[in-house]
2 protein chains.
Amino acid sequence: MKYAVKIEVSLKPGHSNPEGETTMQLLTELGYNVEAVDVSKVYTVFLEASTVVEVETKAQEMCKRLFANPTKDNYTINVAERK
Amino acid sequence: MKYAVKIEVSLKPGHSNPEGETTMQLLTELGYNVEAVDVSKVYTVFLEASTVVEVETKAQEMCKRLFANPTKDNYTINVAERK
């Protein structure tokens, strides 16, 4: 089966978020009144596997080994089948 | 009303995706067999407005003025109310 697994990596609350702060400042300069901006990254990994559980297990491993820093990052995993 | 608007900016298909290619290579080196990796960015903007339509209109404007490059980027907008 073919799968697309969407991994969203975001900063844990309370961590310094310079990109969000800069974005907020730019929006303010453009005339928008915004309270805050969070920035996160989404990795969509296309792979083959036998079951959804196998994909989820691999995605958890990938997060721990590559995508997320446990000190400062949270992550969510969403698996979808594809044709 | 308070809103959180989630703006996801991704590369249009066919555009060069060096970050995705590097990520795929790293996953391969770690022993995973993956076909491709797409990378996109999510900006969550927290703001106040009167209606959902007002938030959507502002978010569309923000994409055109700041977040997305029309030559190479696609974007999606999701508005959620918050307390």
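Check the entry above for the structure.
Quick look at the structure, then.

Basis of the calculations
Residues numbered from 1 in each chain as written. Chains lettered and ligands numbered in written order. Predicted model: local features only at pLDDT ≥ 70, side-chain atom pairs only at ≥ 80, totals over all residues. Heavy atoms only, no water. Least-squares fit on C-alpha atoms with pLDDT ≥ 70 in both. Contact = heavy atoms within 4.5 Å. Buried area = accessible area lost by both parts, 1.4 Å probe. Salt bridge = Lys/Arg side-chain N within 4 Å of Asp/Glu carboxyl O. Helix = DSSP H or I, 4+ residues; strand = E, 2+ residues; numbered from the N terminus. Expected span 1.5 Å × (residues − 1). Buried < 20%, exposed > 50% of the residue type's maximum accessible area, 1.4 Å probe, protein only. Arc of directions from axis to C-beta.

Let us look at the relation of the copies chain B and chain A. The operation relating chain B to chain A is a screw motion whose rotation component is 180°, with 0.0 Å of axial translation and a residual RMSD of 0.0 Å. With respect to symmetry, the two chain copies, as superposed, fit the operation of a two-fold axis. Residue Lys41(B), judged by its C-alpha, is the member of chain B lying nearest the rotation axis, at 2.3 Å. Interface overlap between copies: 100% of the residues of chain B at the interface are likewise at the interface in chain A, consistent with a symmetric, same-surface contact.

The next point concerns the interface of chain B and chain A. Where interface size is given, it is often the accessible area lost as the parts come together that is meant. At the junction of the two partners, chain B supplies 32 residues and chain A supplies 32 residues. For the pair chain B and chain A, the summed buried surface comes to about 2900 Å²; carbon and sulfur atoms form 56% of the total. Considering only the surface of chain B that becomes buried against chain A, Tyr32(B), Glu35(B) and Phe46(B) emerge as the three largest contributors, covering 21% of it. Of the charged contacts, one joins Lys41(A) and Glu19(B) as a salt bridge, the two residues approaching to 2.6 Å between their closest N and O atoms.

Looking now at helix α2 (residues 52-67) of chain A. All names here are of chain A. Relative to the 22 Å expected for 16 residues at 1.5 Å per residue, α2 spans just 20 Å between its end C-alpha atoms, considerably shorter than the ideal helical length. Among all positions in α2, only Val55, Ala59, Met62, Cys63 and Phe67 are buried. Projected onto a plane normal to the axis of α2, the buried residues spread over an arc of 105° and lie on a single side. Those residues of α2 that are exposed and angled more than 90 degrees off the buried face are Val53 and Lys64.

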